[in-house]
Amino acid sequence: MYLRLREEIVFKKSLLAVAAASMLTLTACGGSAGAGAAGGSGSGSDKITMGFAQVGAESGWRTANTKSVQESAKKAGVELKFSDAQQKQENQIKAIRSYIQQKVDVIAFSPVVESGWDTVLKEAKNAKIPVILTDRAVDSADKSLYKTFLGSDFVEEGKKAGEWLVADSKSATDTVNIVEIQGTTGSAPANDRKEGFAEAIKSDPKLKVIASQSGDFTRSGGKQVMEAFLKNNADIDVVFAHNDDEGLGAIEAIEAAGKVPGKDIKIITIDAVKDGMTALSNGKINFIVECSPMLGDQLMELAKKVVAGESVPERVVTEETTFTQEQAKQVLATRPY
Ligand code: GZL
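Residues numbered from 1 in each chain as written. Predicted model: local features only at pLDDT ≥ 70, side-chain atom pairs only at ≥ 80, totals over all residues. Heavy atoms only, no water.

Per an unreviewed UniProt entry, the chain carries the name Simple sugar transport system substrate-binding protein and comes from Arthrobacter cupressi. UniProt, in its Sequence similarities (unreviewed entry) section for the chain, records the words "Belongs to the bacterial solute-binding protein 2 family." UniProt, in its Subcellular location (unreviewed entry) section for the chain, records the words "Cell envelope". (UniProt positions renumbered as here; feature names shortened; annotations may be inferred.)

Encoded structure:
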C-alpha cells in the first residue's frame with residue numbers, strides 16, 4: 001500500500017514538473033512573439049505592424065521624413081499603416097484611435113502640437129500598445145505614456161542659429177533689428193527654437209527681435225508673414241525663420257519689395273533641405289542649422305526592440321550640424337534630401 005502511494009506521489013510530481021516546464025517554454029515563446037503578449041496584432045509572426053500618424057506634408061522636411069519612414073519600414077520588413085493629418089491634431093488622434101482598434105503592435109507619431117495627448121495615449125497604454133514619439137515631443141508629465149522620444153534637440157538648434165548671429169554681428173555698431181517667423185503655434189520645434197534663439201542672442205544687447213509671428217512651417221506662411229513685417233517695419237536687418245520653407249517664402253517677399261535677400265536682409269533658417277541649401281549656396285540665405293528628417297532606420301530599430309519587450313533609451317537625440325554659404329556649395333550635390 002505504502003509503496004503504491006509513494007509511486008503515485010512520484011508520478012504526480014513528475015507530471016507537475018513536465019507541466020511547469022512546458023508553461024515556462026510557452027511563456028518564453030509568447031514573450032518573444034511580443035506582439036501577441038503586448039496586445040498587438042497577436043499574429044505571433046516575427047513581422048510587426050506599425051501605425052504611423054504623420055503631421056502632414058507642410059514642408060520639404062516633412063516630405064523627406066515621410067519618405068524615410070516608408071523606405072525604412074520596407075527595408076526592415078515592418079508592415080506600415082500610414083496617415084497624414086494635414087497638420088490637424090484631431091486627425092492625428094483619430095488615426096491613433098484607429099490603430100488601437102486595428103490592434104497594431106506599435107504606434108509611432110510626430111505630435112503636431114505639444115499638448116492634448118494624455119487621453120488618447122492612455123487609451124493606447126490600456127490596450128497594451130507601446131507608443132514611440134518621433135520628431136516632435138508632447139508636454140505630458142506622465143512619461144509612462146510612451147516608450148521613447150526620437151528626434152532633434154530644438155532648443156540647441158535655436159541656440160546655434162542665435163550664436164551664429166552673435167558672431168556675425170560682432171562688428172555692428174547700431175541695433176540689429178530681427179524679425180522671427182515662428183513654426184506651427186504650440187509645436188515643440190516652434191517653442192524650443194524660439195527659446196534657444198532668445199537665450200543665445202541675450203549676450204548682445206544690440207540684437208533685438210522687433211516682431212515674431214507664426215508662418216506655420218510653410219512657404220506661403222513665411223511669405224505672408226514677411227510681407228506684413230516689411231509693411232510694418234522700415235528697418236529690418238535679419239530674418240530668423242524656424243524652417244527653410246518659411247525662409248524661402250520670406251525671400252520671395254523680400255525680392256518683391258525690391259531688396260536683396262542675404263545682403264540687405266540676412267536670413268537664418270533651420271532644416272537644411274535641398275531647396276534651402278540651394279538658396280544658401282546662392283547667397284540668398286546666410287546660415288542654416290541642420291535638422292535631420294532621416295529618422296526611419298532608427299525608428300524601425302526602436303520599434304522592434306519595444307515590441308520584443310526590450311528596454312530602450314527614454315530619449316534618442318539625432319546627430320546634426322550647421323552650414324555656411326561656403327559649406328553649402330561643397331555638399332549641395334551630395335545632400336540626400
Ligand atoms: C522638426 C520638424 C519641423 C521642421 C519643419 O523636427 O518637426 O516640422 O523643422 C517641419 O520643416 O514642418
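Structure shown, so let's carry the discussion forward.
**Student:** Help me understand the pairing of strand β10 (residues 287-290) in this model?
**Tutor:** Put simply, side chains in a regular strand alternate between the two faces of the sheet. Taking every second residue as pointing to the same face, both faces of β10 are buried, with Phe287 and Val289 on one and Ile288 and Glu290 on the other. Both strand β9 (residues 266-271) and β10 contribute to a ladder of four bridges, which runs parallel. Opposite Ile270, over in β10, you have Val289 as the bridge partner. As for the winding sense of the linkage, the β-α-β connection from β9 through helix α9 (residues 274-281) to β10 is right-handed. (Buried < 20%, exposed > 50% of the residue type's maximum accessible area, 1.4 Å probe, protein only. Helix = DSSP H or I, 4+ residues; strand = E, 2+ residues; numbered from the N terminus. Pairing = 2+ DSSP bridges. Right-handed = clockwise from strand over helix to strand, strands pointing away.)

**Student:** Honestly, the nonpolar core in this entry has me stumped. Any pointers?
**Tutor:** One broad rule of soluble globular proteins: the nonpolar side chains tend to lie buried together. In terms of nonpolar packing, the biggest core is built from 41 residues, with Met50, Ile132, Leu165, Ile178, Ile268 and Leu299 touching the most fellow members. If you tally residues by element for this core, the top one is helix α10 (residues 296-307), at six residues. Two domains each donate at least three residues to this core, and these are domain 1 (36-152 + 293-320) and domain 2 (154-291). Setting aside residues up to four positions removed in sequence, Leu165 forms contacts with Ile178, Phe197, Leu207, Val238 and Ile268. Within the second largest apolar cluster, 25 residues are counted, among which are Ile236, Ile265, Ala272 and Phe323. (Core = buried A, V, L, I, M, F, W, Y, C linked by side-chain atoms within 4.5 Å. Domains from an automatic or database assignment. Contact = heavy atoms within 4.5 Å.)

**Student:** Even after reading the chapter, I still don't get the side chain of Ser187, so can you show me in this structure?
**Tutor:** Relative to the elements of secondary structure, Ser187 occurs in the loop between β6 (176-182) and α6 (188-201). Residues within four places of Ser187 in sequence aside, it is in contact with Val112, Val113, Glu114, Arg136 and Phe217.

**Student:** Help me understand the packing of aromatic side chains, please; the structure alone is not making it clear to me.
**Tutor:** Any pair of aromatic rings gets described here by the distance separating the centres and the angle formed by the planes. For the coordinates displayed, the defined rule picks out four aromatic pairs. Summarising the aromatic geometry, the rings of Phe52 and Phe82 are spaced 5.7 Å apart at their centres and angled 0 degrees between planes, so their arrangement reads as stacked. Of this pair, Phe52 sits in strand β1 (residues 49-54) while Phe82 sits in strand β2 (residues 79-84), placing them 30 residues apart in sequence. Between Phe197 and Phe240, the ring centres sit 4.1 Å apart and the planes meet at 15 degrees, which makes this aromatic pair stacked. Highlighted residues: Phe197 in helix α6 and Phe240 in strand β8 (residues 238-241), separated in sequence by 43 residues. (Phe/Tyr/Trp six-rings, centres within 6.5 Å; stacked < 30°, edge-to-face > 60°.)

**Student:** Got a minute to help me understand unusual backbone geometry in this structure?
**Tutor:** Note: most residues except glycine have negative phi, and most peptide bonds are trans. In this structure, Lys103 takes a positive phi of about 55 degrees despite not being glycine. With respect to the helices and strands, the residue Lys103 is situated in the loop between α3 (89-101) and β3 (106-109). Backbone geometry places Lys128, a non-glycine residue, at a positive phi of 55 degrees. Summarising the element assignment, Lys128 is placed in the loop between α4 (118-126) and β4 (131-134). Take Lys128: its relative accessible area is 55%, and that puts it in the exposed class.

**Student:** Any chance you could explain empty space enclosed by the protein here in plain terms?
**Tutor:** Unfilled space is identified by rolling a water-sized probe across the atoms. All chains considered together, the criterion is met by one cavity of 30 Å³ or more. Its volume calculated, the largest cavity comes out at about 100 Å³. If you list the elements that add at least two residues to the lining of the largest cavity, you get α2 (60-76) and α6. Split into classes, the residues belonging to the lining of the largest cavity amount to five nonpolar, two polar and six charged. Domain assignment of the residues forming the lining of the largest cavity places at least three in each of domain 1 (36-152 + 293-320) and domain 2 (154-291). (1 Å grid on protein atoms, 1.4 Å probe; cavity = no way out; pocket = protein on both sides within 12 Å on 5 of 7 lines; lining within 4 Å. Points joined across faces, edges and corners; volume = space filled by probe spheres on them. Nonpolar A, V, L, I, M, F, W, Y, C, P; charged D, E, K, R; others polar.)

**Student:** Honestly, the sheet that holds β6 in this entry has me stumped. Any pointers?
**Tutor:** Sheet strands pair by backbone hydrogen bonding; their relative direction is either parallel or antiparallel. If you trace the six strands from one edge of the open sheet to the other, you get β7-β6-β8-β9-β10-β12, paired in mixed fashion. A strand with exactly one partner marks an edge of an open sheet, and here the two such strands are β7 (207-214) and β12 (322-324). Within this sheet the neighbouring strands show an average axis-to-axis angle of 15 degrees, counted without direction. Two strands pair when backbone bridges link them, and β6 and β8 are joined in this way by four bridges, in the parallel orientation. Looking at the pairing, Val179 lines up with Val239 of β8. Each of β6, β7 and β8 is contacted by helix α7 (residues 219-232), which is oriented at about 150 degrees to β6, the strand it contacts most. (Axes fitted to C-alpha atoms, helices over the stretch in contact; angles between N-to-C directions.)

**Student:** Looking at this model, I keep getting lost on the site of the ligand. Mind explaining?
**Tutor:** Of all residues adjacent to the ligand, which total 13 residues, the nearest are Glu58, Ser59, Asp135, Arg136 and Asp271. In the model, an oxygen atom of the ligand is placed 2.7 Å from a nitrogen or oxygen of the Arg136 side chain. For the ligand, whose free accessible area comes to 310 Å², the fraction covered by protein is 100%. Sorting the residues of the shell around the ligand by element identifies α2 and α6 as the ones contributing at least two each. Among the residues making up the shell around the ligand, the classes are represented as five nonpolar, two polar and six charged. Summarising the domain contributions, the shell around the ligand has at least three residues from each of domain 1 (36-152 + 293-320) and domain 2 (154-291). (Near = heavy atom within 4 Å. Polar contact = N/O pair within 3.5 Å; in protein donor to acceptor, adjacent residues only side chain to side chain. Areas by Shrake-Rupley, 256 points an atom, 1.4 Å probe, with all protein chains shown as cover.)

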